[in-house]
Amino acid sequence: MINTFTEYASFGRRLAASFLDLLWIGTIVALLIYLSSGNDYLEYLQNISDTSQGWEQLRWQDFAINDGLPALLIIFCWLKYGATPGKLLFDCNIIDARSGKRLTFGQALLRYIGY
């Protein structure tokens with residue numbers, strides 16, 4: 001049964017919240033990449049894109065920081081707080097549309113994959 005008291009956030013609120021989330025996650029990712037690679041990271045990226053075997057040279061640490069860490073942070077925030085920090089600032093909660101309750105881990109994972 002769908003919760004009839006649910007007020008959906010407007011596109012503008014969701015966009016602003018997503019932008020704030022991009023800022024804090026991007027800052028964490030950029031800092032960790034800099035700490036793991038130093039100033040050589042941009043040159044490393046250029047070398048990967050210039051070679052025919054570029055993706056084979058991609059380090060697992062880069063994948064973990066660029067893709068894995070944001071997934072873990074976002075799913076953790078959804079499960080623990082019901083929203084990411086940006087969505088919390090704009091008073092947006094992520095809930096199960098049918099029950100009105102917080103997401104389960106499976107729902108959060110599926111939602112993230114959908115992103």
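This one's a predicted model, so the numbers in the text were calculated from it and none came from an experiment.

Chemist: Just checking my understanding: could you explain the overall build of the protein chain for this structure?
Modeler: Within the protein chain, the regular secondary structure consists of five helices and zero strands. Start at the N end of the protein chain and walk to the C end: the helices and strands fall as α-α-α-α-α. Within the protein chain, buried positions represent 25% of all 115 residues. When contacts within the protein chain are restricted to residue pairs at least 6 apart in sequence, long-range pairs at least 24 apart make up 62% of them. Of the roughly 8,400 Å² that the protein chain leaves accessible, carbon and sulfur atoms contribute 65%.

Chemist: It is not clear to me how the side chain of Lys 87 should be interpreted in this structure. Could you clarify?
Modeler: With respect to the secondary-structure elements, Lys 87 resides in helix H4 (residues 85-89). In this structure Lys 87 touches Ala 17, Ser 18, Asp 21, Cys 92, Ile 94 and Tyr 115, once residues within four positions along its chain are discounted.

Chemist: Even after reading the chapter, I still don't get the packing of aromatic side chains, so can you show me in this structure?
Modeler: Two measures describe an aromatic ring pair: the distance that separates the ring centres and the angle between the ring planes. One pass over the full model with this rule turns up three aromatic pairs. Centre to centre, the rings of Phe 76 and Tyr 81 are 6.1 Å apart; their planes meet at 85°, and the pair counts as edge-to-face. For Tyr 81, a relative accessible area of 42% translates into the label partly exposed. Through a chain of ring-to-ring contacts, three or more aromatic side chains come together here, namely Trp 78, Tyr 112 and Tyr 115. Note that Arg 111 overlies the ring of Trp 78, its terminal NZ or CZ placed 5.3 Å from the centroid.

Chemist: Whenever I open this one, the environment of Ile 65 confuses me. Can you help?
Modeler: Along the chain, the position of Ile 65 falls in helix H3 (residues 60-81). Given a relative accessible area of 13%, Ile 65 falls into the buried group. Sequence separation between Ile 65 and Leu 32 is 33 residues, and the spatial gap between their C-alpha atoms is 7.2 Å. Here Ile 65 is in contact with Val 29, Leu 32, Ile 33, Ser 36 and Pro 70, once residues within four sequence places are set aside.

Chemist: For this particular structure, what's the right way to read the nonpolar core?
Modeler: One recurring pattern in soluble globular proteins is that nonpolar side chains are buried together. Within the largest apolar cluster, 10 residues are counted, these being Ile 25, Val 29, Ile 33, Ile 65, Ile 74, Ile 75, Trp 78, Ile 94, Leu 103 and Ala 108. Listed by contribution, the elements that provide at least two residues to this core are helix H1 (11-37) and H3. Considering every element that reaches this core, the biggest residue donor is H3, with four residues. Setting aside anything within four residues of it in sequence, one finds Ile 75 in contact with Phe 105, Ala 108, Leu 109 and Tyr 112.

Chemist: Would you mind showing me how to read the side chain of Asp 21 here?
Modeler: Take Asp 21: it is sitting in helix H1. Look at Asp 21 and you get buried, because its relative accessible area is 7%. A polar side-chain atom of Asp 21 sits 2.9 Å from a polar atom in the side chain of Trp 24. Setting aside chain neighbours within four positions, we find Asp 21 in contact with Gly 26, Thr 84, Pro 85, Gly 86 and Lys 87.

Definitions and limits used
Residues numbered from 1 in each chain as written. Predicted model: local features only at pLDDT ≥ 70, side-chain atom pairs only at ≥ 80, totals over all residues. Heavy atoms only, no water. Helix = DSSP H or I, 4+ residues; strand = E, 2+ residues; numbered from the N terminus. Buried < 20%, exposed > 50% of the residue type's maximum accessible area, 1.4 Å probe, protein only. Contact = heavy atoms within 4.5 Å. Areas by Shrake-Rupley, 256 points an atom, 1.4 Å probe, with all protein chains shown as cover. Phe/Tyr/Trp six-rings, centres within 6.5 Å; stacked < 30°, edge-to-face > 60°. Lys NZ or Arg CZ within 6 Å of the ring centre and 35° of its normal. Core = buried A, V, L, I, M, F, W, Y, C linked by side-chain atoms within 4.5 Å. Polar contact = N/O pair within 3.5 Å; in protein donor to acceptor, adjacent residues only side chain to side chain.

Functional significance is not addressed by these values, which are geometric in nature.
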